[in-house]
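# Structure assessment
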Amino acid sequence: MKNIKVDFKNARVFEKNVMEYTDKVAEIHKKLHSKAEKKDEFCGWLDLPTNYDKKEFEKIKKSAEKIQKDSDVLLVIGIGGSYLGARAVIESLTNTFYNMQEKETRKLPQILYVGNNLSPNYIMDLIDYISDKDISINVISKSGTTTEPAIAFRIFREILENKYSLKEARERIYITTDKRKGALKELAKKEKYTTFVIPDNIGGRYSVLTAVGLLPIAVAGIDIDELMKGAKFAQDRYSDENLKYNECYKYAVLRNVLYEKEKNIELLVTYEPKMHYFIEWWKQLFGESEGKEQKGIYPSGAEFTTDLHSLGQYIQEGRRNLFETVINIEKSQRDLTLKKEEEDLDNLNYLEGKSLSYINKKAMEGTITAHVDGDVPNIVINMEKLDANNIGQLIYFFELACAMSGEILGVNPFNQPGVEKYKTNMFKLLGKTK
């Protein structure tokens, strides 16, 4: 098994400046791991790759098999951490055009997402699209009362109940929610829906390796055993409190050292379009964890080479408050080689015999050099290839780095008090009285 490796040589930070955090990191490491078993501390994800519920894990696989057999579409109803992690993994590890492939080619249900916005256009378009298809629903919500997914569930539950018998509709609804309480838990109990648990000690943005993410991921045909093996490998690898030997903690420290140097925007960069939603998951993870008390690095993202033709100018010569973390996937699953043409009208014959993956790598190397020369520090995370094991490692790497980074910053990386403000205003404007 090859592990991900982090290259800090272009981070423009001296090793001695990183190592000054050695004692602080060891102290935070002990503090975090002492909370792993406490229900109200939201650190259960730390030991999850080892201590996950094996019985529920098998139940996830069996439910996924049922959905694969009886459904053309799985609707994942959730917002934020309730869907971003699953979507990140699914789109990283399936065909780029998975949802557009013919059923005979895809062989598995389309995975579509709703409850992540309030757009009537989006919802009506989705209703039109699924009208002649067999569907199942996976509703993911701790409380069951979050506005966007609750509205979506009300709409699509009615569609299911009108399309099938009440008994069959119930058999096509899968609920991922709190183990004991909440509106969704009560409804699931009343209607006898198949249920899965969101653990008490794991918050939404850290929950992708629970049933929250694993059921949709399994329905898409991804090996969830390998995903968990990758996460377990990372759990073991980054268990050393000694900063000298822990690349994950070095990344967390480097972010804070750069922040102290007024580098307050981080771009997570990929040269692989499949990683688009991984960036979206990462943005929530770090943004919701660190953006508190007027502090925090602003998490953004870019997909190169595409965004070099829109953001490249700013990155190269705009305000010098940026740094980049580049995910380098060393081996492409597929490739093709350029051929020579008799008339070299596009002046590309110099690339004869070179593969697209090779050209993409040279674009990456040239961009890193240009940006570093332009005072944009670069951290590079190297992973061998896109597969379930490597993605499992990368998920755990970022979760742990985020927790460490937030603690170094001096904020609680597991709450999100600011999220409620817009809801309070919205409810008031809508006339909600209770």
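Computed from a predicted structure; not experimentally measured. (Residues numbered from 1 in each chain as written. Predicted model: local features only at pLDDT ≥ 70, side-chain atom pairs only at ≥ 80, totals over all residues. Heavy atoms only, no water.)

### Focus: the sheet that holds strand β6 (residues 194-197)
Convention followed: By this definition, two strands are paired if DSSP reports at least two bridges between them. Secondary structure follows DSSP: runs of H or I at least 4 residues long count as helices, runs of E at least 2 residues long count as strands, and numbering of each begins at the N terminus. Lines fitted to the C-alpha atoms define the axes, with helices restricted to the stretch that makes contact. Angles between their N-to-C directions range from 0 to 180 degrees. Throughout, a residue-residue contact means that at least one pair of heavy atoms, one from each residue, lies within 4.5 Å.
Pairing in this open sheet of five strands is parallel, and the strands run β3-β2-β4-β5-β6 from one edge to the other. Both outer strands of the open sheet, β3 (110-114) and β6, are each paired with one neighbouring strand and no more. Each neighbouring strand pair of the sheet contributes to a mean axis angle of 20 degrees, computed without reference to strand direction. Bridge count for strand β2 (residues 73-77) against β3 is five bridges, and the pairing is parallel. The partner of valine 76 across the bridge, within β3, is tyrosine 113. Its contacts with the sheet put helix α4 (residues 54-70) on β2, β4 (135-140), β5 (173-177) and β6, and the angle it makes with β6 is roughly 140 degrees.

### Remarks on the packing of helix α7 (residues 120-130) against helix α8 (residues 147-163)
Put simply, the test is: Roughly parallel covers angles under 35 degrees, roughly antiparallel covers those over 145, roughly perpendicular covers 65 to 115, and oblique covers all other angles. Here a crossing is taken to be left-handed if its near helix is turned anticlockwise relative to the far helix by less than a right angle, and right-handed if that turn runs clockwise.
α8 packs onto α7 with a crossing angle of 20 degrees between their chain directions and a minimal axis gap of 12 Å. As summarised for this structure, α7 and α8 are arranged roughly parallel, according to the angle between their axes. Here the hand of the crossing between α7 and α8 comes out right-handed. Where α7 abuts α8, its residues Ile123, Leu126, Ile127 and Ile130 lie against Ile155, Phe156, Ile159 and Lys163.

### Notes on the sheet that holds strand β9 (residues 322-331)
A sheet is described by the order of its strands in space; here five strands give the open sequence β1-β10-β9-β7-β8, paired in mixed fashion. The sheet terminates laterally at β1 (5-7) and β8 (298-303), the two strands that pair on one side only. Going from strand to strand, the sheet's axes swing by 25 degrees on average, the running direction of each strand aside. Set on the sheet, helix α13 (residues 247-260) makes contact with β1, β7 (265-270), β9 and β10 (378-385); between it and β9 the angle comes to about 155 degrees. Contacts between helix α16 (residues 356-373) and the sheet are confined to β9 and β10, with β9 contributing the most and set at about 160 degrees to the helix.

### Quick look at the side chain of arginine 172
Selection rule: Exposure categories follow from relative accessible area, calculated using a 1.4 Å probe and restricted to protein chains: below 20% of the type maximum is buried, above 50% is exposed, and the middle band is partly exposed. Under the rule applied, a polar contact is a pair of N or O atoms within 3.5 Å (in protein, one hydrogen donor and one hydrogen acceptor; residues adjacent in sequence only if both atoms are side-chain atoms).
Tracing the backbone shows arginine 172 in the loop between α9 (166-171) and β5. Take arginine 172: its relative accessible area is 4%, and that puts it in the buried class. Within the structure, the side chain of arginine 172 is placed 3.0 Å from the side chain of glutamate 168, a separation counted as a polar contact. Leaving out residues up to four positions away in the same chain, arginine 172 has contacts with Asp70, Ser71, Asp134, Ile135, Ser136, Ile137, Leu160 and Tyr164.

### Considerations on a negative patch on the surface
The condition is simple: Patch construction takes residues with relative accessible area above 30% that form no salt bridge. Like charges are linked within 9 Å, and nonpolar side chains (Val, Leu, Ile, Met, Phe, Trp, Tyr) are linked within 5 Å. Here the open area of atoms and residues is found with the Shrake-Rupley method and a 1.4 Å probe, where only the protein chains shown may cover a residue. Salt-bridge detection follows one rule: a side-chain nitrogen of Lys or Arg within 4 Å of a carboxyl oxygen of Asp or Glu. By the counting rule applied here, Lys and Arg register as positive and Asp and Glu as negative, while His and the ends of each chain are not counted. Note on charges: their place is set at NZ of Lys, CZ of Arg, CG of Asp or CD of Glu.
A cluster of acidic residues, Glu341, Glu342, Glu343 and Asp346, forms a negative patch at the surface. The topology assignment puts glutamate 341 in the loop between β9 and α16.

### Here's the deal with the nonpolar core
Here is the rule: Among buried residues, the Ala, Val, Leu, Ile, Met, Phe, Trp, Tyr and Cys ones that are joined through side-chain atoms within 4.5 Å form a nonpolar core.
Counting 96 residues, the largest nonpolar core has Phe278, Trp281 and Phe398 as its most contacted members. At 14 residues, the largest contribution of residues to this core is made by helix α17 (residues 388-409). Ignoring sequence-local partners within four residues, the contact set of tryptophan 281 consists of Leu84, Gly85, Ala88, Arg205, Val208, Ile395, Phe398 and Glu399. Among the nonpolar cores identified, the runner-up in size contains 23 residues, and Ile123, Phe153, Ile173 and Leu187 belong to it.

### Some points on the pairing of β9
Put simply, the test is: We call a crossover right-handed when, viewed with both strands directed away from the observer, the connection leading from the first strand over the helix to the second proceeds clockwise.
Counting buried residues along β9, eight of its 10 residues qualify, which places the element largely inside the surrounding structure. Here β7 pairs with β9 via six bridges, running parallel. The residue of β9 that forms the bridge with glutamate 266 is phenylalanine 323. In the sheet, β9 pairs with β10 via seven bridges, with the strands oriented parallel. Bridging across to β10, lysine 331 finds its partner in lysine 385. In terms of handedness, the path from β9 via α16 over to β10 forms a crossover that is right-handed.

### A few points about the environment of tyrosine 251
Tracing the backbone through its elements, the reader meets tyrosine 251 in helix α13. As for tyrosine 251 and isoleucine 379, which are separated by 128 residues in sequence, their C-alpha atoms are 8.1 Å apart.

### So, the pattern of salt bridges
When their charged atoms lie close together, side chains carrying opposite charge are able to pair. For the structure shown, the criterion picks out 32 salt bridges. Linking glutamate 241 and lysine 30 is a salt bridge whose minimum nitrogen-to-oxygen distance equals 2.9 Å. Linking glutamate 241 in the loop between α12 (224-237) and α13 with lysine 30 in helix α2 (residues 22-34), this pair joins segments that are 211 residues apart in sequence. A relative accessible area of 30% means that glutamate 241 is categorised as partly exposed. By relative accessible area, which is 47% here, lysine 30 ends up partly exposed. For aspartate 200, the salt bridge goes to arginine 180, with nearest N and O atoms at 2.3 Å.

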